[in-house]
Amino acid sequence: MNTLAHPDHNCISKTVLFSQLPQEELAMINQQITYVEYAPGEVVFDVEDDSDRLLLVHQGKLKISQTSSDGKEQTLYFLNEGDINGEESLITGAKHAVTCVAITKSFICEIRRSDF
């Protein structure tokens, strides 16, 4: 994981969740974003980690999976550019029930629950 300097682009405009907000509100939310780079194979979050952030995939591909009772990994779905994960994290702050791993070099915009 590598935290990046605040880039010139606005990744929240890529997602439906924020697409209807006025520019002033988008600018305020954008100030709360942390930009993070994940290498292929790097764990973004694991089962039982605190679910305390909203993830917006700016670039790359992430895999969401869980481990079955017999120890086999089951891929549930993939997150691609423009996808979000963790909307409920902003409200509940529950633990993750799944694992998220970067499949490709990925640039993620993160908004912490405490900042939202």
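Refer to the preceding data block for the structure.
Residues numbered from 1 in each chain as written. Predicted model: local features only at pLDDT ≥ 70, side-chain atom pairs only at ≥ 80, totals over all residues. Heavy atoms only, no water.

A. Fine view of the overall build of the protein chain. Helix and strand content of the protein chain: one helix and nine strands. The secondary structure elements of the protein chain, listed N-terminal to C-terminal, are β-α-β-β-β-β-β-β-β-β. Residue burial in the protein chain is summarised as follows: out of 116 residues, 37% are buried. Within the protein chain, counting contacts between residues at least 6 apart in sequence, those at least 24 apart form 74% of the total. Total accessible area on the protein chain is roughly 6,600 Å²; 49% of this is exposed by carbon and sulfur atoms. (Helix = DSSP H or I, 4+ residues; strand = E, 2+ residues; numbered from the N terminus. Buried < 20%, exposed > 50% of the residue type's maximum accessible area, 1.4 Å probe, protein only. Contact = heavy atoms within 4.5 Å. Areas by Shrake-Rupley, 256 points an atom, 1.4 Å probe, with all protein chains shown as cover.)

B. Spotlight on the pattern of salt bridges. Under the defined criterion, the tally for this structure stands at five salt bridges. Of the charged contacts in the structure, one is a salt bridge between Glu37 and Lys105, with a shortest N-O distance of 3.5 Å. Of this pair, Glu37 sits in strand 2 (residues 34-38) while Lys105 sits in the loop between strand 8 (99-102) and strand 9 (106-112), placing them 68 residues apart in sequence. When salt bridges with common partners are traced through the structure, they connect Asp52, Arg53, Glu110 and Arg112 into a single cluster. (Salt bridge = Lys/Arg side-chain N within 4 Å of Asp/Glu carboxyl O.)

C. Molecular detail of the side chain of Lys63. Tracing the backbone through its elements, the reader meets Lys63 in strand 5 (residues 62-67). In this structure the side chain of Lys63 is engaged in a polar contact, spanning 3.1 Å, whose partner is the side chain of Glu73. Apart from the residues lying within four places of it in its own chain, the contact partners of Lys63 are Glu73, Thr75, Tyr77, Phe78, Thr99, Cys100, Val101 and Ile103. (Polar contact = N/O pair within 3.5 Å; in protein donor to acceptor, adjacent residues only side chain to side chain.)

D. Representation of helix 1 (residues 23-30). Along helix 1, the residues classified as buried are Leu26, Ile29 and Asn30. The buried residues of helix 1 all sit within an arc of 100° when viewed along its axis, so they share a single face. Residues Glu24 and Met28 are exposed on helix 1 and point more than 90 degrees away from its buried face. Buried-residue contacts for helix 1 involve strand 2 and strand 9. (Arc of directions from axis to C-beta.)

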